[in-house]
Amino acid sequence: MDILARLGTVTAGRLAEESRLTTGAITAVIDRLERAGHVRRLPDPADRRRVLVETTDRFRELAAHAWGPVAESLVSAGSRFTHEQLDGIREFLRIGAELSYRRAEEISAEVAHRA
């Protein structure tokens, strides 16, 4: 859901790429989210063989209820930092995410090697 919130309407293939799941696994995830009313599938107007996935109003309402107060508090807290400090925080988080993804890929390779 974070990927969709961040990127907007995307293909199932892009969701699989971003989440590092197989296309089969992402299809199952989309099926469950669609049944729950959180996402919908749309035909891709540029390529009728592809399907796009987007969040629903219902999901956006639930997300706003769950995370809206946190987002407001973070905006307020962020005002205490200079632009330079926020740039440093952003870079630190980017490096942490990159290292986490790299480690996840290493573990994935280890598991695949054992199988």
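Predicted model only: the values in this text are computed from it and were never measured.

Okay, the overall build of the protein next. Tallying secondary structure elements over the protein gives 5 helices and 3 strands in all. Starting at the N terminus and ending at the C terminus, the protein contains elements arranged as α-β-α-α-β-β-α-α. On C-alpha atoms alone, the protein measures out to a radius of gyration of 18 Å, which is more than a quarter above the 13 Å that the 2.2 N^0.38 rule sets for 115 residues. With respect to the principal axes defined by its C-alpha atoms, the protein has extents near 50 × 40 × 25 Å. Within the span of the protein, comprising 115 residues, buried residues form 17% of the whole.

This part covers the nonpolar core. The nonpolar side chains of a soluble globular protein tend to be buried, and buried together. Formed by Ile3, Leu4, Val10, Leu15, Ala16, Ile26, Ile30, Val39 and Val53, the largest nonpolar core amounts to 9 residues. Looking at this core, the elements with two or more residues in it are helix H1 (2–7), helix H2 (12–19) and helix H3 (23–35). Residues contacting Ile3, with those up to four places away along its chain left out, are Gly8, Leu15, Glu18 and Ser19.

All right, on to the side chain of His38 then. Structurally, His38 can be placed in the loop between H3 and strand S2 (39–43). Residue His38 is classed as buried on the basis of its relative accessible area, which comes to 17%. Not counting the four nearest positions on each side in its chain, His38 is found in contact with Met1, Leu33, Glu54, Thr55, Thr56, Arg58, Phe59 and Leu62.

So, how was this worked out
- Residues numbered from 1 in each chain as written.
- Predicted model: local features only at pLDDT ≥ 70, side-chain atom pairs only at ≥ 80, totals over all residues.
- Heavy atoms only, no water.
- Helix = DSSP H or I, 4+ residues; strand = E, 2+ residues; numbered from the N terminus.
- Rg over C-alpha atoms; globule rule 2.2 N^0.38 Å.
- Buried < 20%, exposed > 50% of the residue type's maximum accessible area, 1.4 Å probe, protein only.
- Core = buried A, V, L, I, M, F, W, Y, C linked by side-chain atoms within 4.5 Å.
- Contact = heavy atoms within 4.5 Å.

Structural measurements only, silent on function.
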